Structure formats: C-alpha cells, structure tokens
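Structure at a glance
Residue strings, one per chain:
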2 protein chains.
Amino acid sequence: MDWRRNNSLKNFFFTCEKCAFTGRLYVENFLEKKIAKALGISHERLERAIRRRGVKFYKSIRPVLLFKKDLMHIESGTVVYITDDKLEIIRGFPKIRRTLILSPTIEKHFKDKVAVEEKMNGYNVRIASVDSKIIALTRGGYLCPFTTRKVQEFMDLERFFKDNPNFVICGEMLGTANPYVSHYYPEIGKLGFRIFDVREKTTNRPLPIKEKRKLLKDYDLPMVRLLGTFPVEKAAEKIKKIVKRLGEEGREGVVIKDPQMELPPIKYTASQAHANEIKYAFNYPFDFGRAFFFSRVIREGFQAYEMKESEDELRERAHRLGEAIIYPMVKTIKEIAEGGVAHEDTTINVSSRKEAMEFIKHLHALGVSATILEYKDGKAVIRRFHQATTDRTKNFLEGGLY
Amino acid sequence: MDWRRNNSLKNFFFTCEKCAFTGRLYVENFLEKKIAKALGISHERLERAIRRRGVKFYKSIRPVLLFKKDLMHIESGTVVYITDDKLEIIRGFPKIRRTLILSPTIEKHFKDKVAVEEKMNGYNVRIASVDSKIIALTRGGYLCPFTTRKVQEFMDLERFFKDNPNFVICGEMLGTANPYVSHYYPEIGKLGFRIFDVREKTTNRPLPIKEKRKLLKDYDLPMVRLLGTFPVEKAAEKIKKIVKRLGEEGREGVVIKDPQMELPPIKYTASQAHANEIKYAFNYPFDFGRAFFFSRVIREGFQAYEMKESEDELRERAHRLGEAIIYPMVKTIKEIAEGGVAHEDTTINVSSRKEAMEFIKHLHALGVSATILEYKDGKAVIRRFHQATTDRTKNFLEGGLY
C-alpha cells in the first residue's frame, strides 16, 4: 500500500504537497474534476465543507477524504480513496430511522410486503476491497486494524471480493470479546460477524433481500437471521410477537425492510434492550448525553402503550427501567468514592502485544481514552476510561455543587 | 399608577417617545446617568444587552427594564422602575445551588453553623411596594395579577411595607389551587403563602435568619418552618433524617443557610420529591427538556449512595423512579391516541370572569398556552396546554419516525 507508486496523478500530488500553493491548486483541480463529480456535489460545496472541517482532507495518507458529517446526500462516514488512477468511494452506512409504534407506521411506509431481519447488538462495520486489500471501517469511516484482521479470520472474504470488487459488505461485529460493544449471543460467544447489507460502492445501492441472501450463501458468508416476510397489514402483529420473544431471549430487535430495498428500512427494538442500554450508560452517567437516556425512555412509553400491557406487565417494565437507572449509577458512585475510576475492561484476542498497541492507537485516534492493562499469551485486557464520570462524580463527592 | 404624572424626567421621556432619535438620546442619557450607575454596570454593557434582547426595555409601560438573563452580577428577573424621580430596583431572586451530597459539602461551604429551613413546592414570588402600590412578581420578573391580588388577601402587607418600603418579601405561593405548581400541604390546603427571605431593594442583601424571623413575626406574616440550627459537623446527619421524614410526608426538602446570610444557601431535596417531579414531567414528556429528566435522576443516584440504603430501600427507590417515568407517559399516550390533548386543569378562585381573563392574558404574555374552561361563582377552571407533547405524540402514533 505504498502511496508513491506508479500513478502520475498521485506523484504530482505528493511532489506538490510541500508547497502549499501548488498543492492547493492541484487539490482544487482534482476535487473539481474527479471527486466532486463522482459524489455529485459541487466543487465549491465540498471545498467549504473541508474548510469547516466537516470533511477531512488527508494529504499524505489514504483515504483522501473522510466525511465526518453528512454533506447533502453523502452520509457521514463516507470515505474516498484514490487507487491507480481511479476513485474508490465507500459511502457511509445510512442512519436507519426508528419507529416508536408498529401500527400504522409499517403500512404507511412500505408497499405490500416487508422482510424482517434481526437487529443485533454490536458495532457497525463496512468491509470493502480497496487497491486489492480488504479493509474494515467502523461507523465513522475509520479503518480499524483489529476489525480488519478479525473479519478475515472469521470469513473467507478473498473469493467474495475477487468476484465482487464493487460491493461493500455491511454487518455487525458481535460477541463478548468485542472491544466496542460487548453483548453475549449463544451462537456467537466471544467474537463473530453477521452481515445485514451488501451495497454498491459509490452509489450505496443495497441489493434486494433475496439477491443478497443468495449471494452471501453462495460465498458461505454469515448473515443475520431473516425472521419472516409478511404482508404489511399483518406485519405489526407478527413483529410484536417476534420482538417480545427476542426481548425475553436477551436479544435486541428487528430491522423492517422493503424486500426490494427501494424504501429506507426502519428499526424497532425490545424493552429489555432499552433497559440494557440504559443500564450500561448509567454506569457512566456523565459520559453519555442526556438525549441518550431520554430517547430510550420515550421508546419504553410508546411500546408499553402499543403492547397493551396488563397492569403486571407494565409494573414489570417500570421496575426494570428504574433498576436499570439506579443500580449501575449507585455502584459507580460507590466505586469512585472508594478511590476507583469509571472504566470498562474487555479482553481481546490478538497475536502480539504490538497488535494490541496498534488497536489502542486507533482508539486514541477516535478520541477514546484507553490503555492495555495486561497482555499475556495472545490475550490483551483493554481498559477504557470514562473520564467525565470519574471527574464529575469525584467533584460532587468532594463538595462541589450541581 | 399614571405614568405621565408630575415628574419632568418622565415627561421628557414620554414626549420624546414618538421620535425614535430623540427618544434614543434620552434613553442613552438616562441609562448612563441613572440606571447603569445604580446597577453598577457600564452604560455600554447595558445598551448591548438591550440590543441583544437580554434586557427588555419598556418604552411606555412600567417597569422600564426587565432582565431576562443574568447580566454580570445582576440576576435575571431583576426589574427597574422609575417613580417620582427615583429608581426602584427589585433584584431577581438568586438561583440557589443544589448539593447532591450532604457531607462533606456542608462543612466545606459554611462556617460554624447552619440554619435549616423547609423548601416548599410552589412558585417563587417577590412582593414589593413600588410607588405605594403592592406588587407581586413571579420568578421571571413579570407582575402576576392573580398573585398580586391573592397575597394581599392572605396577608396584611400594607403595614409591613409602610414601615419597610425598602424591603422585598421573597416567598412561595403554595397549595392545590395554585395555577403554576399545584401541591397539597395539609396546613395550606387550596392556596397559601410562606416567606423564606426578606431582601433589600437595589442591593439584594438578605436579612440574617433571626432578624428576618423576628421582623416577620412582629408583622404577623407567615414564614417557612425553621427545622433547626446545627453545628456544621453535625448538620449532615441531622439533615439526612429531616429530609427522609419530609419525603415520607410528601414534602419537598430543605434550604441550608448561613445564619448570617453572608454565604449563599444550598438546597437539598427528598427522593419522593424527585419522583413527583419526574411523574409530573412525564405527563408531558416532550414539553419538558431532556435536562429535566437527567438532573433529577442524578440526584437519586447520589442520595441513594449517601443514605447507605439497604437492598430493599434501594429497590424501592428504583421502582418508584421507574413507575414515575412509565405510568404518566403511557397514560398521556393513551389519552392522545383517543383524541385528547396533553393538558392540565387548575381551579382558581377569582372575583369575576374578567379577573380570570386578566390572568390568562398574563399567562399568554409568559408564552404559556392556556384558556378558561369554565367560570362559575368565583371559580375559574384554567386549562393549560402542552402542545409539543400533543403534536409529537400524535405524529408518532400516526406513523412518524423518531
């Protein structure tokens, strides 16, 4: 992956990079001619976004552009690479909107049928082949070295990308030994991957459900479960039962999709998942935004209404919510009062201490405070710090006013 | 209260008010010479705040200035009047900071002793005599016609203000028939008033506790309960017990004060009060900010920690919180699904329909959407609408995405 290879455009770029003025001219030209056109955004608009830091412009490392925010129809997390005279655009994974209520939303948003796939609780990953190398990007568009390595251990991606270089695999990294979002699934255990979308580079067009599932099956790649395809008028009742069962099994929820993937999908999640997220966040109350708590609480209200719960069920939901808030918060305050710091530890499997260090560097680049607590025989314990919770809790415990 | 009377300065002001230019010159002069000096803020600073609408400048009605935001040391809610050649400045009621923990905060913030007064759940009112008329201002500095009338029915204020024209009475309007914050207190019933501070006009200097209580007693004016005066090192334990008992009695909490009132007071409230506020807010979830929810939940965490609760007590606190969130929210969603709107009704006693209308107008001026639902024999039912909750809930119920 040497930048300076063969390509005249790139050579010019790198020759001029020491000279801001010439470099600038080149960049403007290049943006105008190639990237802006491929993205369908005017050169001026893109320039402005780069100046305002909404789009990051890399001078010497790949990719050349990373969209930190949405820019018109281009999703945040989009990355643009230049390889051998051609552009490679991997679009950001589109935000999936949520519904608080199943009926009448499903009938209003979809045509005659919906496909219901499981939504699993992990972290969103896009896998693509760029310059004949397989890379894995996290939601924000950063290449994660840990993920890039792991997905290739789980899956034979070479054959898929050799035949389908223009596709991006979108999926969820799952399991308890997953350094971003740790959640237990019996079929996953420590670490695993499930694919939910296959999309085209540049356009972000997703494959229809059937086509996607057939393709993935042909290449023996693991996908999320398809829980059923229902006529829209029956879907709400069916999904209610599915989500109830998923919740009882400690699973997250569903994504409701147009079988043709021409309409945007919608997500819907189980009460237990809301409580679990609240429980997790209240371990570190000052590190999570107020919007985080509020939105999850609102989901509970609408779901309880739609589920037409008995008095007992409603009480159970209320108590689950209250416990998810109070217990972790009191535990964290106690720990900090006894001199501890708010943190979470995950054990990841790596081949060397160096590989663990590389992952820590990646976390730092994302603005996450973390360190290697211990390394032994291919197991690294990563400790992540929730500084705001430690600092503010300590301040209140020492007499600071709210 | 005729503005145009006798005073040359005022005459000049009103003569010039039709002419923006001359008016402006006058205003600048006047602000510079009088108001700015009395407030201890430079003329330029005040001018800028008026331009930015942080301070409202009244041209033809009294008061002349109303501070909508803090401006340096001047509290929001401060109002400035001009009467007979002299300025009357009624400073805003200072924000009382909250502690999440009693120990070590009390020892850190106070000197040797603290006086503990009850904090009651109603709305904050400042009463003063301006131009020989008694007026009652709500927290934001608006003259409330209902409150102005009622406080004079409960209390003989004439004698107090005749002898003490330079004092401002700060207290809480309480009871169930109170149009802003309705809460039942056995000793108050429908409507009542309790005083917690007596402060000087212009400087906002509060009287020391003893002096204040003696003065109010001499004039037979009702004050909040003094629950004890304790040495700082014993106060935390004492207050824990007091607040626990207050909570069990459905009462709010305490304000902890320096007996000399030289240090700023601190407030601390009961778990039941937090749950009650959350319960109220979740009747109208989209009308009450996210901050409202989060801050109250945080209070519960720190209190549970400091109270060293048993497992049962902690579970009870968690369940109380969960129920306070879920029950009212589901009730409101149901009502809106059945075609209702989010609202609350209060019955207030007034002498005529016109008086009720006057109060509604005052609410409208504050930006509150309200109407008279019914008027009969001196009783007006006021309905207040929580529009954001109605609109957003309806939208979600009709298929809108979150």
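Residues numbered from 1 in each chain as written. Chains lettered and ligands numbered in written order. Predicted model: local features only at pLDDT ≥ 70, side-chain atom pairs only at ≥ 80, totals over all residues. Heavy atoms only, no water.

1. As for the interface of chain A and chain B
Interface size is commonly expressed as the accessible surface area that is lost when the partners come together. In this complex, chain A contributes 50 residues to the contact, which on the side of chain B involves 51 residues. Together, the buried faces of chain A and chain B total about 4700 Å²; carbon and sulfur atoms form 77% of this surface. Of all residues in chain A, F294(A), L401(A) and Y402(A) give up the largest surface area on contact with chain B, accounting jointly for 17% of the area buried on that side. Taken together, the links from chain A to chain B amount to 0 salt bridges. Summed over the shared surface of chain A and chain B, the number is 11 residue pairs in polar contact (both at pLDDT 80 or more). The set of elements that each furnish at least two residues to the side of chain A that touches chain B consists of β5 (97–98), α4 (105–109), α10 (290–306), α11 (311–337) and α13 (387–397) of chain A. In terms of residues, the side of chain A that touches chain B owes the most to one element, α11(A), which gives 16 residues. Class assignment for the residues of the side of chain A that touches chain B results in 29 nonpolar, 11 polar and 10 charged. (Contact = heavy atoms within 4.5 Å. Buried area = accessible area lost by both parts, 1.4 Å probe. Salt bridge = Lys/Arg side-chain N within 4 Å of Asp/Glu carboxyl O. Polar contact = N/O pair within 3.5 Å; in protein donor to acceptor, adjacent residues only side chain to side chain. Helix = DSSP H or I, 4+ residues; strand = E, 2+ residues; numbered from the N terminus. Nonpolar A, V, L, I, M, F, W, Y, C, P; charged D, E, K, R; others polar.)

2. Re the relation of the copies chain A and chain B
Here chain A sits on chain B after a turn of 180 degrees about the axis and a move of 0.0 Å along it, with an RMSD of 0.1 Å. On this basis, the relationship between the two copies can be described by a two-fold rotation axis. Rotation axis and chain A: the residue whose C-alpha lies nearest the axis is G322(A), separated from it by 1.9 Å. (Least-squares fit on C-alpha atoms with pLDDT ≥ 70 in both.)

3. Focus: the nonpolar core
Where a protein is soluble and globular, its nonpolar side chains tend to be buried together. Ranked by size, the top nonpolar core spans 57 residues in total, and within it F302(A), I325(A), F302(B) and I325(B) carry the most contacts. Where this core is concerned, the elements lending two or more residues are α9 (271–281), α10, α11 and α13 of chain A together with α9 (271–281), α10 (290–306), α11 (311–337) and α13 (387–397) of chain B. Residues within four places of F302(A) in sequence aside, it is in contact with L100(A), I101(A), F286(B), I333(B), T393(B), F396(B) and L397(B). (Core = buried A, V, L, I, M, F, W, Y, C linked by side-chain atoms within 4.5 Å. Buried < 20%, exposed > 50% of the residue type's maximum accessible area, 1.4 Å probe, protein only.)

4. Focus on the domain arrangement of chain A
Domain annotation of chain A identifies domain 1 (2–90), domain 2 (121–223), domain 3 (272–337) and domain 4 (343–385). In this structure, domain 3 of chain A and domain 4 of chain A have C-alpha centres spaced 29 Å apart. (Domains from an automatic or database assignment.)

5. Notes on helix α3 (residues 43–51) of chain B
One turn of the α-helix equals 3.6 residues, which is why residues spaced by three or four share an orientation. All names here are of chain B. Those residues of α3 not exposed but buried are H43, L46, E47, A49 and I50. Considered in projection along α3, the buried side chains sweep an arc of 165 degrees and stay on one side of the axis. Within α3, the exposed residues directed more than 90 degrees away from the buried face are E44 and R51. The first or second residue beyond α3 is R53, which carries a positive phi of 65 degrees. (Arc of directions from axis to C-beta.)

6. Observations regarding the UniProt feature "domain: RNA ligase Pab1020 C-terminal" (unreviewed entry) in chain A
Per the UniProt record, the feature "domain: RNA ligase Pab1020 C-terminal" (unreviewed entry) sits at residues 280–400 of chain A. Counting secondary structure, residues 280–400 of chain A comes out at 58% helix and 17% strand; the distance between its end C-alpha atoms is 25 Å. (UniProt positions renumbered as here; feature names shortened; annotations may be inferred.)

7. Description of the environment of L174(B)
All names here are of chain B. Along the polypeptide, L174 turns up in strand β9 (residues 167–174). We classify L174 as buried; its relative accessible area is 0%. Sequence spacing of L174 and N124 is 50 residues, and the spatial spacing of their C-alpha atoms is 9.4 Å. Residues contacting L174, with those up to four places away along its chain left out, are M120, N121, G122, Y185, I188, K190, L191, G192 and R194.

8. Some details on the side chain of S271(A)
Checked against the element boundaries, S271(A) lands in helix α9. When residues no more than four places from it in sequence are discounted, the contact partners of S271(A) are E300(A), Q303(A), R317(A) and R320(A).

9. What to know about a positive patch on the surface
All names here are of chain B. Where like charges cluster on the molecular surface, the positive patch consists of R45, R48, R51, R52, R53, K56, K68 and K69. No other element matches the 3 residues that α3 contributes to the positive patch. Among the secondary structure elements, K56 is positioned in strand β1 (residues 55–57). Look at K56 and you get partly exposed, because its relative accessible area is 31%. (Patch = residues over 30% accessible without salt bridge, like charges linked within 9 Å, V, L, I, M, F, W, Y side chains within 5 Å. Areas by Shrake-Rupley, 256 points an atom, 1.4 Å probe, with all protein chains shown as cover. Lys, Arg positive; Asp, Glu negative; His and termini not counted. Charge placed at Lys NZ, Arg CZ, Asp CG, Glu CD.)

10. Quick notes on the environment of P94(B)
By secondary structure assignment, the location of P94(B) is in the loop between β4 (86–90) and β5 (97–98). Excluding residues within four positions of it along the chain, P94(B) makes contact with E75(B), R139(B), R199(B) and N204(B).

11. Brief notes about the pairing of strand β13 (residues 266–269) of chain A
If a strand is regular, its side chains alternate between the two faces of the sheet. Residues and elements named next belong to chain A. Of the two faces of β13, the one lined by I266 and Y268 and the one lined by K267 and T269 are each fully buried. Where β5 lies against β13, 2 bridges are found, and the strand directions are parallel. Note that in β13 the partner of R97 across the bridge is I266. As judged from the 4 bridges shared by strand β12 (residues 253–257) and β13, these two strands associate in the antiparallel manner. Within β13, the position partnered with V255 by the bridge is K267. (Pairing = 2+ DSSP bridges.)

12. Things to note about the packing of α10(A) against α11(A)
Residues and elements named next belong to chain A. One can describe the packing of α10 onto α11 by two numbers: an axis separation of 11 Å at closest approach and a directional angle of 175 degrees. When the axes of α10 and α11 are compared, the pair comes out roughly antiparallel. From α10, V297, E300, Q303 and A304 reach across to α11, where they touch L314, R317 and L321. Residue composition of the contact of α10 with α11, grouped by class: 4 nonpolar, 1 polar and 2 charged. (Axes fitted to C-alpha atoms, helices over the stretch in contact; angles between N-to-C directions. Parallel < 35°, antiparallel > 145°, perpendicular 65-115°, else oblique.)

13. Comments concerning the packing of aromatic side chains
All told, the structure shown has 33 aromatic pairs over all chains when counted by the stated rule. Between the aromatic rings of F288(A) and F292(A), the centroid separation amounts to 5.1 Å while the plane-to-plane angle is 50 degrees, which identifies the pairing as tilted. Between F292(A) and F293(A) the ring centres are 5.7 Å apart and the planes differ by 75 degrees, which places this aromatic pair in the edge-to-face class. Residue class for F292(A) comes out buried when judged on its relative accessible area of 19%. These aromatic residues form a ring-pair network of at least three members: Y280(A), F282(A), Y284(A), F286(A), F288(A), F292(A), F293(A), F396(A), Y402(A), F294(B) and F302(B). (Phe/Tyr/Trp six-rings, centres within 6.5 Å; stacked < 30°, edge-to-face > 60°.)

14. Examining the sheet that holds β1(B)
Residues and elements named next belong to chain B. Across the sheet, 4 strands lie side by side as β1-β2-β3-β4; this open sheet has antiparallel pairing. One side of each edge strand has no neighbouring strand; the edge strands of this open sheet are β1 and β4. Strand-to-strand twist across the sheet, computed as the mean angle between neighbouring axes with direction ignored, equals 20 degrees. Pairing of strand β2 (residues 65–67) with strand β3 (residues 79–83) involves 2 bridges; the strand directions are antiparallel. The residue bridging L66 from the neighbouring strand is V79, located in β3.

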